[in-house]
Amino acid sequence: MKVLIKGAGVAGLTAAFELAARGATVTVAEIRHGLGGNASWFAGGMLAPWCERESAEQPVLDLGRDAADWWDAVLPGQVTRGGTLVVAPPRDAGELDRFASRTSGHRRVDEDEIALLEPDLAGRFRRGLLFPDEAHLDPRQAMAALHDRLAAMGIEFRFGADARLGSGFGRQIDCTGMAAIDDRLRGVRGEMLILRTPDVSLSRPVRLLHPRFPLYVVPRADHQFMAGATMIESQSAGRVTARSMMELLGTAYALHPAFGEAEIVETGVGVRPAFPDNLPRVEARESTVAINGLYRHGFLLAPAMARQAAELVFSHHKPLEPADETDRQRPSA
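Residues numbered from 1 in each chain as written. Predicted model: local features only at pLDDT ≥ 70, side-chain atom pairs only at ≥ 80, totals over all residues. Heavy atoms only, no water.

(A) View of the overall build of the chain. Per the secondary structure count, the chain includes 10 helices and 17 strands. Taking 20 Å as the expected radius of gyration for a compact globule of 333 residues, we find that the chain reaches 20 Å, a close match to that expectation. Principal-axis analysis of the C-alpha atoms gives the chain an extent of 60 × 45 × 35 Å. For the chain, the proportion of its 333 residues judged to be buried stands at 56%. Long-range pairs, those at least 24 residues apart, make up 76% of the contacts in the chain with a sequence separation of at least 6. Accessible surface computed for the chain: about 14400 Å², of which carbon and sulfur atoms make up 49%. If the 38 positive side-chain charges of the chain are averaged to one point and the 43 negative ones to another, these points end up 3 Å apart. (Helix = DSSP H or I, 4+ residues; strand = E, 2+ residues; numbered from the N terminus. Rg over C-alpha atoms; globule rule 2.2 N^0.38 Å. Buried < 20%, exposed > 50% of the residue type's maximum accessible area, 1.4 Å probe, protein only. Contact = heavy atoms within 4.5 Å. Areas by Shrake-Rupley, 256 points an atom, 1.4 Å probe, with all protein chains shown as cover. Lys, Arg positive; Asp, Glu negative; His and termini not counted. Charge placed at Lys NZ, Arg CZ, Asp CG, Glu CD.)

(B) View of the sheet that holds strand 16 (residues 281-285). In spatial order, the strands read 8-2-1-9-17-16; together these 6 strands make up an open sheet with mixed pairing. On the outer flanks of this sheet lie strand 8 (156-159) and strand 16, each paired with one strand and no other. Here the average twist between neighbouring strands, direction ignored, is 20°. Pairing geometry for strand 9 (residues 171-174) and strand 17 (residues 288-292), over 3 bridges, is parallel. Its bridge partner lying in strand 17, Ile173 is registered against Val289. Its contacts with the sheet put helix 9 (residues 298-314) on strand 9, strand 16 and strand 17, and the angle it makes with strand 16 is roughly 20°. (Pairing = 2+ DSSP bridges. Axes fitted to C-alpha atoms, helices over the stretch in contact; angles between N-to-C directions.)

(C) Molecular detail of the pattern of salt bridges. For the structure shown, the criterion picks out 26 salt bridges. Among the ionic pairs, Asp182 bridges to Arg285, the shortest N-O distance being 3.3 Å. Of this pair, Asp182 sits in the loop between strand 9 and strand 10 (186-196) while Arg285 sits in strand 16, and the two are 103 residues apart along the sequence. In this structure Asp182 comes out as buried when scored by relative accessible area, which is 16%. Taking the shortest distance from any N to any O, the salt bridge between Asp277 and Arg281 comes out at 3.2 Å. Relative accessible area serves as the criterion here: at 13%, Arg281 is assigned to the buried category. Connected through salt bridges with shared partners, the residues Asp182, Arg184, Asp277, Arg281, Glu283 and Arg285 form a single ionic network. (Salt bridge = Lys/Arg side-chain N within 4 Å of Asp/Glu carboxyl O.)

(D) Local environment of the side chain of Glu18. Residue position: Glu18 is located in helix 1 (residues 10-21). Classification of Glu18 as buried rests on a relative accessible area of 7%. Sequence-distant contacts of Glu18, defined by excluding residues within four places in its chain, comprise Trp70, Ala306, Arg307 and Ala310.

(E) Main features of the packing of helix 4 (residues 67-74) against helix 7 (residues 139-152). One way to put it is that helix 4 packs onto helix 7 with a least axis distance of 11 Å and a crossing angle of 50°. As the angle between them shows, helix 4 and helix 7 are arranged oblique. When helix 4 is examined against helix 7, the residues Trp71, Ala73 and Val74 are found in contact with a partner set consisting of Ala142, Leu146 and Arg149. Split by residue class, the contact of helix 4 with helix 7 holds 5 nonpolar, no polar and 1 charged. (Parallel < 35°, antiparallel > 145°, perpendicular 65-115°, else oblique. Nonpolar A, V, L, I, M, F, W, Y, C, P; charged D, E, K, R; others polar.)

Below, the structure is given as structure tokens:
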């Protein structure tokens, strides 16, 4: 079976792997002239289903709990399994209790254990939550490595391709995100910074809770840290605003004052596609299967969505869509 995948973000690349692993002949078409520039490029890369459950529905946890295993199996060495540390200043201790009450998979840690986990945060926070089964990866390294593995599997990439490309394929997989023609989608703007400082060392993503502006900081190579991200109901892909820059830097400084002297390596904006319920969907429309609505959970949910899409392509029977499944699960969440 010849399959065309439109879009080379995380949804398209993971779908390409799942389809090729099942024997499909896969071509990936991307209107950009290379990897990057899409929402996946500006992602945090946190594989944190229990943390995300704090503000998301149960299906995000159900679909995302195996994501780290998928990435680890497909791209050995790309995943860091250090868990996630959630902290809050003493004045916002209530935010920590609220966060804990809305999810699971964590244990409480005190000031001494925080110092053992992250020595550079010693003495800065009295209480926290450790989610030991969570993980993270560098999205850009992971996308490049997955591209290389797919190319080695014989998958053809057509960068700078015309959006009308499609003839000669038995099925198409639409992974174009906000570019898809779907009136149900809305854009959620996320802004991020990449900071560089040799004066801070972190072993895992750290989330700092704040009633107005929560922040996550994800360690990357070469003393770099990804700090993000805002969630603004907007489809504007313009540059980071002054307000967001001040908020991100101010909250990073609250996590550790050394971030005040950090070099700003990069700023970025990604517009994440979301359905009204903020849950993803895999849907069949004649010869096209659409994967969309990954919202802020791209690297976390893409493997599960890719598996569903591949099963749908190779099945003679249309399965229930994730939206239907979540309608059943919502009452029990």
